[in-house]
Amino acid sequence: MLRVVAVLLVVGVMVYAFVDCVRADARDLRGLPRPAWLLVILVPLVGALAYLVAGRPVHTTDEPAARPLAPDDDPEFLRRLDLERRRRKADEERRRRQRERGEEGPKDKSGPEGEDQAGHPA
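Novice: So, the overall build of the protein: which residues are in play, and what are the values?
Specialist: A tally of regular secondary structure across the protein gives four helices and zero strands. When the helices and strands of the protein are listed from N to C terminus, the series reads α-α-α-α. Classification of the 122 residues of the protein by burial places 13% in the buried group. Within the protein, contacts between residues separated by at least 24 positions form 41% of all contacts whose residues are at least 6 apart in sequence. By element, 60% of the accessible surface of the protein is carried by carbon and sulfur atoms, the whole surface being about 10,400 Å².

Structure below.
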């Protein structure tokens with residue numbers, strides 16, 4: 001039973017290394033060209049481990065992985081939200097002042113007196 005598990009483990013590591021080598025960009029492989037690494041991987045366990053340690057591409061980036069921001073984490077979204085809120089508040093304040101002074105908003109000159117644009121009585 002232990003031998004079966006050991007053989008399955010070795011085959012699994014070899015298959016993983018083989019697939020990883022085939023899928024990796026050939027320019028990123030270290031040490032040897034892809035065909036050479038594929039031959040090395042076929043050496044049971046030692047070849048696959050050699051590839052995983054010495055040949056596998058190293059993915060190091062200085063910048064963190066980009067992730068989408070939630071709306072409440074996005075400063076641009078919050079800025080636009082604040083500007084919209086301020087604009088609405090200013091519009092409401094302007095309308096309130098006009099009502100207090102007894103003024104009406106700008107009249108629509110497109111329709112006859114006492115009708116809106118659709119021709120309905122105002």
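Novice: Describe in detail the side chain of D20, supporting the description with residues and values.
Specialist: Its location among the elements puts D20 in helix 1 (residues 2-23). Among the residues examined, D20 registers a relative accessible area of 18% and is labelled buried. Reaching out from D20, the side chain makes a polar contact with the side chain of Y51 at a distance of 2.9 Å. In this view, D20 contacts Y51 and R56; residues no more than four positions away in its chain are not counted.

Novice: Summarise the packing of helix 1 against helix 2 (residues 34-41); cite the residues concerned and give the values.
Specialist: Contact geometry for helix 1 and helix 2: axes closest at 10 Å, N-to-C directions at 175°. The orientation of helix 1 relative to helix 2 falls into the category roughly antiparallel. Two secondary-structure elements touch here, helix 1 through M14, A17, F18, C21, V22 and R23 and helix 2 through R34, W37, L38 and I41. Among the residues making up the contact of helix 1 with helix 2, the classes are represented as eight nonpolar, no polar and two charged.

Novice: Let's hear about the nonpolar core: which residues, and what values?
Specialist: Counting residues in each nonpolar core, the largest one holds ten residues, listed as M14, A17, C21, A24, L29, W37, L38, I41, A48 and Y51. Within the residue set of this core, elements represented by two or more residues are helix 1, helix 2 and helix 3 (46-55). With near-sequence residues (within four places) excluded, A48 lies in contact with V13, M14, A17, V40, I41 and V43.

Novice: Talk me through unusual backbone geometry; I want residue IDs and the actual numbers.
Specialist: Not every positive phi belongs to a glycine, and L45 is a case in point at roughly 60°. As for its placement among the helices and strands, L45 is situated in the loop between helix 2 and helix 3. Owing to a relative accessible area of 33%, L45 belongs among the partly exposed residues under this scheme.

Novice: Requested: an account of helix 3, with residues and values cited.
Specialist: Turning to helix 3, its buried residues number three or more, namely G47, A48, Y51 and G55. Axial view of helix 3: buried residues confined to an arc of 100°, hence all on one face. The exposed set on the far side of helix 3, more than 90 degrees from its buried face, consists of V46 and V53. Those residues of helix 3 hidden inside the fold are in contact with helix 1 and helix 2.

Reading the values: rules and limits
- Residues numbered from 1 in each chain as written.
- Predicted model: local features only at pLDDT ≥ 70, side-chain atom pairs only at ≥ 80, totals over all residues.
- Heavy atoms only, no water.
- Helix = DSSP H or I, 4+ residues; strand = E, 2+ residues; numbered from the N terminus.
- Buried < 20%, exposed > 50% of the residue type's maximum accessible area, 1.4 Å probe, protein only.
- Contact = heavy atoms within 4.5 Å.
- Areas by Shrake-Rupley, 256 points an atom, 1.4 Å probe, with all protein chains shown as cover.
- Polar contact = N/O pair within 3.5 Å; in protein donor to acceptor, adjacent residues only side chain to side chain.
- Axes fitted to C-alpha atoms, helices over the stretch in contact; angles between N-to-C directions.
- Parallel < 35°, antiparallel > 145°, perpendicular 65-115°, else oblique.
- Nonpolar A, V, L, I, M, F, W, Y, C, P; charged D, E, K, R; others polar.
- Core = buried A, V, L, I, M, F, W, Y, C linked by side-chain atoms within 4.5 Å.
- Arc of directions from axis to C-beta.

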